[in-house]
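Remarks on the overall topology
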Amino acid sequence: MQSEQLRTASIIGTGSYAPDRVMTNADLEKIVETSDEWITTRTGIKERRIAGPEITTSEMAARAARAAMENSGVKPEEIDLIICATVTPDMFFPNTACFVQTKIGAVNAVCFDLSAACSGFLFGVETARAYIAAGTANTVLVIGADKLSSIVDWKDRNTCVLFGDGAGAAILRHREGSRGVVATRMGSNGALAEILYIPGGGSAHPAGGSTSAENPVTIRMNGRETYKHAVTAMVEASQQVLADAGVPSSEIACFIPHQANLRIIEAIASRLDVSMDRFMINLDCYGNTSAAAVAIALDEANRTGRFKQGDKILMVVFGGGLTWAASVVEW
Ligand code: ACO
């Protein structure tokens with residue numbers, strides 16, 4: 001088993017899906033006291049996609065998964081593990097990955113969800129790598145999917161302008177001669193849970209219970225604190241993972257950061273001393289889609305030729321928990 005235990009894991013295909021309905025900053029001006037100018041200058045977001053009631057998280061995830069299967073040439077029955085990173089599951093249980101399994105016909109897959117908010121997709125990629133390295137799985141579908149429109153307080157201008165819906169997917173498998181996921185750094189700090197969280201709806205404060213008014217089932221966020229920790233954690237994780245991988249930042253073909261706020265990305269670029277044109281950015285079109293954000297950006301970068309086989313990319317994420325991660329991947 002020694003050689004199997006050391007198997008590398010490569011991303012062999014990607015896919016993504018975003019709902020058709022576009023909500024612009026001008027549309028939001030009609031819902032809350034805000035302006036296109038405020039949203040654009042503070043965040044860089046111009047529009048986001050909003051899923052209708054018929055498009056659940058698992059439906060978006062399944063559409064992204066089909067695109068990733070097509071991109072990689074993998075058939076559904078070859079997938080032996082599905083990891084769906086989400087904080088907006090269709091239901092508490094069964095897990096969303098199980099719904100995806102049925103929708104795409106991945107009859108041989110083991111399925112579970114992963115909860116790490118905006119960091120979920122990269123946590124999933126590292127979990128997939130570990131399963132493949134251990135020989136426990138061969139072909140893993142990792143999905144980041146979130147329908148944040150279902151957990152946003154549409155009366156709270158502090159948060160509702162930031163988020164959108166979507167899904168991104170990647171398929172990982174050992175590929176001879178490729179280093180694949182070269183190195184990953186992950187971190188968490190549960191002591192800061194309350195700067196970004198949903199107070200109600202769980203077992204602490206069940207939805208519909210007497211405490212639901214004080215503990216709403218919608219996102220609560222301290223924006224300034226989130227901003228500060230996001231920059232610090234993503235810069236440090238990027239520096240650490242570059243050192244672990246033995247790769248200088250000049251050798252990274254494309255940086256793919258969590259798509260939350262353009263100013264956060266500019267701060268990261270500045271502190272890493274990397275020019276902004278080497279960063280993949282699409283938050284202007286989608287807003288922050290949580291676990292889906294880096295996955296959709298990865299797929300768009302892949303499909304638009306931002307890197308080629310053999311190139312190294314760096315993905316970096318940050319989210320509620322707090323959680324964060326960075327990975328260097330050889331394509
Ligand atoms: N439109 C107009 N005014 C607004 C809006 C809005 N949509 N939202 C807040 N404001 C007001 C506030 O009420 C406040 O007014 P006050 O000063 O009278 O009380 C003022 O704007 C706050 O302005 P700033 O302090 O200049 O706002 P800031 O520069 O901190 O930007 C923002 C706010 C965009 C939320 C920023 O802090 C941020 O991006 N934080 C990171 C949050 C984030 O990305 N969260 C996503 C989830 S976590 C993740 O994915 C990384």
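Residues numbered from 1 in each chain as written. Predicted model: local features only at pLDDT ≥ 70, side-chain atom pairs only at ≥ 80, totals over all residues. Heavy atoms only, no water.

Points about the site of the ligand
The cut-off we apply is this: The rule for a residue being near a molecule or strand is that one of its heavy atoms must lie within 4 Å of it. Counting of polar contacts relies on pairs of N or O atoms within 3.5 Å, with two restrictions inside protein: one atom must be capable of donating a hydrogen and the other of accepting it, and residues adjacent in sequence are counted only when both atoms are side-chain atoms. Numbering goes from the N terminus for both helices and strands, where a helix is a DSSP run of H or I of at least four residues and a strand is a run of E of at least two. Polar here means any residue other than Ala, Val, Leu, Ile, Met, Phe, Trp, Tyr, Cys and Pro, which are nonpolar, and Asp, Glu, Lys and Arg, which are charged; Gly is therefore polar. Residue ranges assigned to each domain were obtained from an automatic or database domain assignment.
Close contacts around the ligand come from 22 residues, with Thr34, Arg224, His258, Asn261 and Asn288 the closest. Interatomic distance of 2.6 Å between a side-chain N/O atom of Thr34 and a nitrogen atom of the ligand. In this structure, a nitrogen atom belonging to the ligand sits 2.9 Å away from a main-chain N or O atom of Gly223. Of all the secondary-structure elements, those providing two or more residues to the shell around the ligand are helix H3 (36-43), helix H7 (157-160) and helix H8 (223-245). Ranked by residue count, the leading element in the shell around the ligand is H8, at four residues. Residues of the shell around the ligand, tallied by class, amount to nine nonpolar, eight polar and five charged. Each of domain 1 (4-173) and domain 2 (181-330) accounts for three or more of the residues forming the shell around the ligand.

With respect to the pattern of salt bridges
Rule in force here: For this analysis, a salt bridge means a side-chain nitrogen from Lys or Arg found within 4 Å of a carboxyl oxygen belonging to Asp or Glu. Each residue's exposure class comes from its accessible area (1.4 Å probe, protein chains only) as a fraction of the maximum for that residue type: buried when under 20%, exposed when over 50%, partly exposed otherwise.
Tallied over the full model, the rule gives eleven salt bridges. A salt bridge links Lys30 to Asp27; the shortest N-O distance between them is 3.7 Å. Accessibility expressed as a relative area gives 69% for Lys30, which makes it exposed. Among the ionic pairs, Glu59 bridges to Arg63, the shortest N-O distance being 2.8 Å. Placement of the pair is Glu59 and Arg63 together in helix H4 (residues 57-72), with a separation of four residues, close to one helical turn. Judged by relative accessible area, which is 32%, Arg63 ranks as partly exposed. Among the charged side chains, a salt-bridge network with shared partners connects Glu59, Arg63 and Lys103.

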